[in-house]
Structure formats: C-alpha cells, structure tokens
Amino acid sequence: MALTGAPGLMSAASAATLKDGSWCNPARGHFPAGGQYGAPRGKYPHAGQDVTNSTGTAIYAAAAGTVIKRGTSVLTGRSGNGLVISHGGGRYTYYGHLSKFRVGLNAKVGAGQRIADMGATGNVTGPHLHFEVHTGSLGRTTNPVSYLAARGVDLGGGWPSLNSGAKGATVKALQYLMTQRGYKLNADGSYGSVSVAAVKKFQAARKLVADGQVGPKTWPHLVYSLKQGAKGSHVRGLQTVLNKHSAGLALDGEFGTVSRDAVRAYQSANRLTVDGVAGPLTWKALVG
C-alpha cells in the first residue's frame, strides 16, 4: 500500500494534550531489521511496524474502539490473519499475522484489552505483529512508532507518559500508587489539577523535574515490587492495570492467590519471567 505524508507539526501545547492515557502498547517485543515503517516491500513500502516475539504473545487493542474487520487478508496487500479496529474520528489500527483471535467481528473493545495472539500466518519469515495506524480514512497509513510516541506510548515496550488531563485505568493506577506513597488521592481515573499538584510534590521530593508529567523518569519511583501477601493501595493499582489487560480482578487491595495467578498469566502471555512477582519490568509492561 502506498504511504501518505506524515501529519504536520503541532505546537508543544497541542502535542502535550495527546498524552492523555487513551492509547497503549499493543504488544511487547523488539523491532526486527527491515520491519520499520517505509522499508522497501516490492512495489509499495512497508505500511506498518513489525514487533517480534514468539507465537502466542498477547496482542492488545491500542485504543478503545470497534472491530470492523476480522479474518484472512482483510486489507488489500496484507496476508494472514488480521483485524482492524475503528477508533472513531477517521482513526484505525490494523493487527496482522495473528495466530488466534480473542474478540469477534463488531466487538467493542477497550484500550489494553486482549484481542489476539501473535503468530506467523501469511507471508512471513517468523512470528511477529504487523501493526499499522491509519488516519483520516482506512488506507491512509502513518508511522505507528511516532504516532504512538506523540501519545505517550513506546511501541514494543517502555514506560508511558501522561500529562494533565489524561484519563483511564493507567491514571487510576497512578492515583493508587500516589496514595500508597502518602499523597491521598481520589482514584477517579482523571489526572486533574489535584493529582498533578501531588505528582509535582512527589517529583520535587525525589529530586526529579517537577513538571507533573508522569513519564519514564517518574514511574520507576512510583511502583513497588509486589508479591503474594501484600496489601494496600499499591495492590489496587496493580489490580487496576491487570484488569485493563482483561484480568477481571476485584479491586480489594489484597495480593492473594487470584491476583498472583493473574500476574503469572500476564507474565506468561507477554514473555516475561513467570514468578508471580510484580516487579519493575512487569509494571512497565502493564502501565505501558
């Protein structure tokens, strides 16, 4: 598929508002050589970014939306099993070479919900996710790495970035973590002025840049290494982001066997060390 021009540059203020918690990482893995957006692919350049991991690795919806296409070769020039999610406003994401579907056609999905498993169906040399972002209309692709980066998401892995005005499960988890750190916040999932002010105080106390943006430098200071037997708001934060990824846990703040098993299942699905302990690497994947 021919590529269209990238969107024009935005002001710093408008770019900042894009980091609103509504987008997340669709899959963990690494970028293979030659799998980048725009790489030579015969008649047309590569229309997406490849993320490589093993068959069965979890694939998540990059944002909330509706599954509008599901099956084999659902877009022209794409082979293997794939699905398309419409996110409204002329925005779409495509997930290709899947080994298993976990949602049906016309399903409403939330950001971070598990929708499929990574595979090697179609014309491929090994298992990976072929991920595309379409803007304006289905067929108008843009670089998914830079598109997600502008929205605070590190495609393939990495801590996210949240700015004032962000909303959603990751913000709720942030508020629970801040409460555990001694800054009592209402876990309403809305990163408003009260939460921003508390984060700035936390950042200043940790000798971080006190800008209120929760990004790669702030998250490691917020999260806890949690294991079975832990209790508190930090556990509620962990349960919140596990639920974002389809765990279905009660937010009881108790790290019992059910939460431990949910952590282990998430670690296994994302090719992390399966020990049932929510350490920094597991948190980074969950909030990302």
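First, a word on scope: everything that follows refers to the structure included in this document.

### Topic: helix α6 (residues 233-244)
Moving on, step 1. The end-to-end C-alpha distance of α6 is 17 Å, a good match for the 16 Å that 12 residues give at a rise of 1.5 Å each.
Moving on, step 2. Of all 12 residues in α6, 10 are buried; the element is thus mostly enclosed.
Moving on, step 3. Those residues of α6 not exposed but buried are S233, H234, V235, G237, L238, Q239, T240, V241, L242 and K244.
Moving on, step 4. Of the surrounding elements, those touching the buried residues of α6 are α3 (169-180), α7 (257-269) and α8 (280-287).
Moving on, step 5. Positive phi appears at S246, one or two residues downstream of α6, with a value of about 80°.

### Structural notes on the packing of α3 against α6
Moving on, step 1. Here α3 crosses α6 at 170°, and the two axes come no closer than 7 Å. Judged on the interaxial angle alone, α6 and α3 are roughly antiparallel. When α3 is examined against α6, the residues A169, T170, K172, A173, Y176, L177, T179 and Q180 are found in contact with a partner set consisting of S233, H234, R236, G237, T240, V241 and K244.
Moving on, step 2. Its residues assigned to classes, the contact of α3 with α6 shows five nonpolar, seven polar and three charged.

### A word on the sheet that holds strand β2 (residues 58-60)
Moving on, step 1. Ordered by their spatial adjacency, three strands build an open sheet running β2-β8-β6, and the pairing between neighbours is antiparallel. Strand pairing shows two members of the sheet lacking a second neighbour, β2 and β6 (98-101), which therefore form its edges. Geometrically, the sheet is characterised by an average inter-axis angle of 35° between neighbouring strands, direction not taken into account.

### Comments concerning the environment of P144
Moving on, step 1. With respect to the secondary-structure elements, P144 resides in helix α2 (residues 144-150).
Moving on, step 2. As for P144 and T121, which are separated by 23 residues in sequence, their C-alpha atoms are 21 Å apart.

### Observations concerning α7
Moving on, step 1. When the terminal C-alpha atoms of α7 are compared, their 18 Å separation across 13 residues agrees well with the 18 Å that a helix rising 1.5 Å per residue should span.
Moving on, step 2. Among the residues making up α7, those that are buried are S259, A262, V263, Y266, Q267 and A269. With its buried residues spanning 170° around the axis, α7 presents them on a single face.
Moving on, step 3. Once α7 finishes, R271 follows within two positions and takes phi at roughly 60°, a positive value.

About the thresholds
- Residues numbered from 1 in each chain as written.
- Predicted model: local features only at pLDDT ≥ 70, side-chain atom pairs only at ≥ 80, totals over all residues.
- Heavy atoms only, no water.
- Helix = DSSP H or I, 4+ residues; strand = E, 2+ residues; numbered from the N terminus.
- Expected span 1.5 Å × (residues − 1).
- Buried < 20%, exposed > 50% of the residue type's maximum accessible area, 1.4 Å probe, protein only.
- Contact = heavy atoms within 4.5 Å.
- Axes fitted to C-alpha atoms, helices over the stretch in contact; angles between N-to-C directions.
- Parallel < 35°, antiparallel > 145°, perpendicular 65-115°, else oblique.
- Nonpolar A, V, L, I, M, F, W, Y, C, P; charged D, E, K, R; others polar.
- Pairing = 2+ DSSP bridges.
- Arc of directions from axis to C-beta.

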